[in-house]
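Structural overview for review
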Amino acid sequence: MTEYSFLGKSLPRLDAAGKLTGKAQYVADLNIPGMLHGVILRSPYAHARIRRLDVSKACALPGVVAVITAADIPASAGRAIMAEDKVLYGSHPVAAVAAVTREIAEAALGCIEVEYEPLPVVSDGVEAMKPDAPLLHPNLYTESMTGKASTPSNIANFTEFRRGDVEAGFAQAAVVREDTYRTQMIHHGYLEPQACVAQVDSGGKVTIWASVQGAFTFREQLGASLGLPLSRIRVVPMEVGGGFGGKNGMLLGPLCVLLAQKAGRPVRMVMTREEDLRMARPAPPTTITVKLGATREGLLTAAEVTMVYEAGAFASPLPPSGFVTGLSPYCLPNVKVNGYVVVVNKPPVGALRAPGAPQAAFAVECQMDQMAEALGMDPLQFRFKNIVTQGDRALNDLTYARIGFQEVLEKVAQHPNWVRPLEGKYRGRGLACGMWFGGVGSSAATLNINADGTFALLVGSVDLTGTRTIFVQIVAEELGVSPDEVSVVMGDTDTAPYADIAAGSRTTRQMGAAVQQACHDAKAELIRRGAASLGVAEGEVEYRDRRVQMKGHPEKFVSLRDLARASISTAAGPIVGRGASTRPSPAPSLAAHVVDVEVDPETGKVTVLSYTAVQDVGFAINPTMVEGQIQGAVAMGAGWALSEDYIFEDGILQNASLMDYHQPTAADLPMIDTAIVEVPSDNPYGVRGVGEPPIVPSLAAIANAIHKATGVRMSKLPMTSEAVWRAIRAQAKG
Amino acid sequence: MKIPLHITVNGQPREILVEPTRTLLETIRVDLGLTGSKEGCGKGNCGACTVLLNGMAVNSCLVLAVEAEGQEVLTIEGLSQGNRLHPLQQAFLDQGAVQCGFCTPGVLLLAKSLLDTNPHPSEQEIRTAIAGNLCRCTGYDKIVRAIVAASKQKVAP
Amino acid sequence: MNPFEYRRPKTLRETLRLLAAAKDGAKLLAGGTDLLIQLKERRTLPSLVVDIKAIPELQRLEHVSQRGLHLGAAVSLNRVLDYPLLAQHFPILAQACVQLGSLQIRSRASVGGNLCNASPAASTAPSLLCLKAQAVIAGPGGRRRILLEDFFQGPNQTALGKDELLVEVFVPTPSPSSRGCYLQLTQRQEMDIPMVNVACLLTLGRGGRCQQARVALGAVAPTPIRARRAEALLEGHALNSQAIQEAAEAAAKESSPIDDVRASAEYRREMVKVLTRRALQSCLEEAASP
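Reference entry: report on the structure contained in this document.

Cut-offs applied
- Residues numbered from 1 in each chain as written.
- Chains lettered and ligands numbered in written order.
- Predicted model: local features only at pLDDT ≥ 70, side-chain atom pairs only at ≥ 80, totals over all residues.
- Heavy atoms only, no water.
- Helix = DSSP H or I, 4+ residues; strand = E, 2+ residues; numbered from the N terminus.
- Buried < 20%, exposed > 50% of the residue type's maximum accessible area, 1.4 Å probe, protein only.
- Contact = heavy atoms within 4.5 Å.
- Buried area = accessible area lost by both parts, 1.4 Å probe.
- Salt bridge = Lys/Arg side-chain N within 4 Å of Asp/Glu carboxyl O.
- Polar contact = N/O pair within 3.5 Å; in protein donor to acceptor, adjacent residues only side chain to side chain.
- 1 Å grid on protein atoms, 1.4 Å probe; cavity = no way out; pocket = protein on both sides within 12 Å on 5 of 7 lines; lining within 4 Å.
- Points joined across faces, edges and corners; volume = space filled by probe spheres on them.
- Core = buried A, V, L, I, M, F, W, Y, C linked by side-chain atoms within 4.5 Å.
- Pairing = 2+ DSSP bridges.
- Axes fitted to C-alpha atoms, helices over the stretch in contact; angles between N-to-C directions.

1. What to know about the overall build of chain B
- Assigned secondary structure in chain B consists of five helices and five strands.
- Secondary structure elements of chain B, listed N to C terminal, follow the sequence β-β-α-β-β-β-α-α-α-α.
- Seen along its three principal axes, the alpha-carbon backbone of chain B occupies a region of about 45 × 30 × 25 Å.
- Looking at the 157 residues of chain B, the share that counts as buried comes to 64%.
- Restricting the contact set of chain B to residue pairs at least 6 apart, pairs at least 24 apart contribute 55%.

2. A word on the interface of chain B and chain C
- Taken together, the 29 residues of chain B in the interface contact 26 residues of chain C.
- Across the chain B/chain C interface, buried area totals approximately 2,200 Å², and carbon plus sulfur atoms make up 64% of it.
- Viewed at the interface, chain C and chain B are joined by three salt bridges.
- Inspection of the chain B/chain C interface yields eight residue pairs in polar contact (both at pLDDT 80 or more).
- In terms of residue count, strand β4 (residues 56-59) of chain B provides more of the side of chain B that touches chain C than any other element does, four residues in total.

3. Remarks on the interface of chain B and chain A
- The interface is formed by 45 residues belonging to chain B together with 49 residues belonging to chain A.
- With both chains or domains summed, chain B and chain A bury close to 3,700 Å², and 58% of this area falls on carbon and sulfur atoms.
- In terms of surface lost to chain A, no three residues of chain B exceed Q99(B), L134(B) and R136(B), which account for 22% of the buried area on that side.
- Across the contact surface, chain B and chain A share 21 residue pairs in polar contact (both at pLDDT 80 or more).
- The set of elements that each furnish at least two residues to the side of chain B that touches chain A consists of α2 (87-95), α3 (104-117), α4 (123-129) and α5 (141-153) of chain B.

4. A few points about empty space enclosed by the protein
Residues and elements named next belong to chain A.
- Under the counting rule described, the total for this entry stands at seven cavities of 30 Å³ or more.
- Of the pockets and cavities examined, the largest cavity occupies roughly 50 Å³.
- Taken together, G38, V39, I40, R102, L252, M269, V270, M271 and E275 form the lining of the largest cavity.
- Contributions of two or more residues to the lining of the largest cavity are made by β1 (36-42) and β14 (267-270).

5. Looking at the pattern of salt bridges
All names here are of chain A.
- With the rule as written, the count across this model stands at 73 salt bridges over all chains.
- The salt bridge involving D179 is made with R177; its shortest N-O contact spans 3.2 Å.
- Judged by relative accessible area, which is 29%, R177 ranks as partly exposed.
- Ionic pairing is found between E485 and R546, a salt bridge with its closest N-O pair at 2.2 Å. Here R546 lies in the loop between β22 (541-544) and β23 (547-550) and E485 lies in the loop between α14 (467-479) and β21 (486-490), a separation of 61 residues in the sequence.
- Residue classification places R546 among the partly exposed positions, given a relative accessible area of 33%.

6. Points about α2(B)
- Those residues of α2(B) that sit buried are L88(B), Q89(B), A91(B), F92(B) and L93(B).
- Packed against the buried residues of α2(B) are α1 (16-21) of chain A together with α3 and α5 of chain B.
- Within two residues after α2(B), G96(B) carries a phi angle of roughly 70°, on the positive side.

7. Points about the nonpolar core
- The biggest cluster of nonpolar side chains holds 214 residues, and the ones touching the most others in it are L327(A), I706(A), M719(A) and F92(B).
- In terms of residue count, the dominant contributor to this core is helix α10 (residues 357-375) of chain A (11 residues).
- Setting aside residues no more than four positions away along its own chain, F92(B) makes contact with L20(A), A97(B), V98(B), T104(B), V107(B), L108(B), I143(B), A146(B) and I147(B).
- Residues V50(C), V136(C), I137(C) and L166(C) belong to the second largest nonpolar core, which totals 90 residues.

8. Digging into the sheet that holds strand β25 (residues 576-582) of chain A
Residue and element names in this part refer to chain A.
- Here four strands make up an open sheet; going across it, the order is β21-β20-β19-β25 and the pairing mixed. The sheet terminates laterally at β21 and β25, the two strands that pair on one side only. The sheet shows a mean angle of 20° between the axes of neighbouring strands, taken without regard to direction.
- Relative to strand β20 (residues 455-459), strand β19 (residues 442-449) runs antiparallel, the two sharing five bridges.

Here it is, written out as structure tokens:
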């Protein structure tokens, strides 16, 4: 492996100092003179017709400056952000108010008169598919590869994957098992609630400060929904207090801009935690039936999977990636997947860390353990026998390039936490795998050489995971300078070159490639100018140690500093390195988790004793930051597996506080061991995406551990104390 | 009706007028412009607004500003001495315990109050003590390690 | 929050005068960890908030030898926990206090507030019921003293009149030969509201005979309750596994839990049995080890 000076080293995060001292600026920290406070009137029903909506008293309240309803919102913005004639989920916005204080704005909400006619609530995805289920949208026709259905239903999308002949495959199998698994809705749990501030200047140009993962993506969506050209919108991304897929800006953005336009003053909107729990775009609940067949020797012969993903009240046009990722770690000659996306009267779902994949892995990886048990085989050996390698095909027909799936399993096999025996009653060790392809997209970067030979990097990507630090490491490495000599700015949409959204575990891979190219571009220009200055051909010089020097004659050189100084004082002009990356190839990654739990058989309480996460990251540019991503994902997965839940009654959330929405605290978790595997991808430096894969196996790993500890198979999440107690009791009763 | 409030914030005596409904967090963030203290839930369930009130860690979202009359408040802005980071801040930096940063100020102040009373806490004591500070990014691993590291090298309070 | 007037009286007399003048528009503020949430959610709309933390009597924390603990209504849980004699004489109170909320919450929250909020799941209530705690109440007609078990009247309802306030909780010192245990079951290890909580306090005589028994349950009835049937089954009998099992089952039968977001009634009832048995078992084991 290449020896690097700054890559592969755990440089402290550049943004940490500001965050440690309270100086880092988040949206809610902004204060613009004359700023109004915007709040939302939310529906108390999950499904109801709006018979009458009268905002006149709210408008008349002193201090209220603007009130908007669906009538103010262009149809292009969709009805998910504001109900028109029907509310389709609990807390569906009905109106929004901007006033001089938050108190007045909230008082104004109380003055808005709404008459609702409650309608039957459809709250379960499987129920919603039935022909007699009440329809949410009279004009929703199932989209599928064969076209559009002819009658409306709650099924928004039907996707199928077929490979080989599943009937023949099951006929060859010695063991066949079929079971159904269910997962619940969960929230991203970011600590910073959704927030934005919008201002409209006298010429109508919108500036919006937002907590978003992608400034440019947000700008495009905002422009499309409000019918504004992108040149009329400037998005200024602030520090993001946690995103995990949930911060695309569109929850508040359009409402905030419309209020600011109507009021003619800046408007700030910051969600309360309760609003965030009720209104954000959580992970979809699923019901997944998995049937697997394998030979006596443990080779999978066929898989048949039916997946139902709840969309909430409005369906996104894209089928969930879980349709593909669940089975893709394994060689399967015969496959049939039927995937459904179904609308129900719940908040619209959204992207959450490896969207859709943990749910699918929960079903598939639990079933893999059931198969191993039925075959009398070690669960790791069973996975070894079926794991994909280079040249195999994923379910989406991607042919795997070099991947480290096998190497990850080998690392597990050797890991002390897998090898050492686990002693004690009601203790069990679980294993599960999970894969993620990683997103693709386009991004660009600009590298300016300052007059003194230092560097200024400009990117438009948002730093969620420490990418600023990564980019500085790349520039320092490529230009042979110290990280102190490189500054990095995350610009806004008016100043920075385009960057795709920081999601899909792509920023280091994709913007990293653009930064690398910008370095190469700047270096090439330095070489051109250095050669000219030395009076030789470009091929005769090289860039090294802050110099352009004659190959073989290092004493003949021109320094970076001199070239930099000359660039601003001669006709040659400033040196700007430009880099762009377009749709890098996916760099699939496998994570495998080993978890030890102890179960109190009388209360059902599950304690996580130890947790080990193994992952192929391609190349860890900053190992400490990689570990931090993995540990955070594991903790999120543990909450998903054990305690977090949306508890609805008639479609209304009953536990909308962080006291009753049980995100794990430090007291619920052990130290989280990580083991990094580095099988390089063909992305620059060999990197693979890091942030998402480590949540994928966690749900199944914990369920498998509970099974080993107690013999009960938990097929529904969350595995709360009461749920595990019920399962143990049911088992005892036989 | 606004009430005069006398508090010492980060060592500086302050006198301001506040409404009785104002929370200490609002006073710190809005009236005093010290936005390092964060609001994550407003109900005392997340710890992002933790400050030290007369040396004790409190959720400033659940304290009325007027209740703090005559008391001393330490916010994140007062933890470092000029440009010199507090040992806890340095340990968080070194151990990679900072990710999104939203929980960081609250966790740091809680950790300070912990080390002030228990200079060498065990891992379990740390985990129990910071249970009122939710973090979604780190899985707490590096936060716990950072507090342990700081407890080992802490010299001056 | 809706606007209100704020007062911080320094005497009980002034406080009572304010309460009387405000009719029923006043709310008392001690730690505020419950009240501020209610104010923010507009579940209570007082015209006056009376901060009682400056009243010396309400900050009293004193163990009068052999008699008992004077626990002022506004004393914070952390101050209670730091009190040197607490763990020695009132271990079940210490166990309950340390499991309430987070460290930040315990910096503010008071035992008095926990009791006056009268949540059926109040963490400190079962232990105090076992300890035969008394509520000392001041009102316009002077003081009265009632047993804590008569203090709770329903969910969020107490025996306090609109013009009265809780001055202190008096906790008699239990016999040196008593053994007790407090247990709570929560989904999260910390920072959670109990699905069930149980306290017991036994006075054991020679040969392990149970002379006096107190068993109290929380989160399984409209108020924290004593499990009197369970107590009767224990008193006068040798404490052994069978007696413990029978008492635990009796306690479960005495509970009348409901389904809510935290747990089902069925689970709660079963957990009363498990926790009661474990708490009693722990007393037995403690008694066995010198």
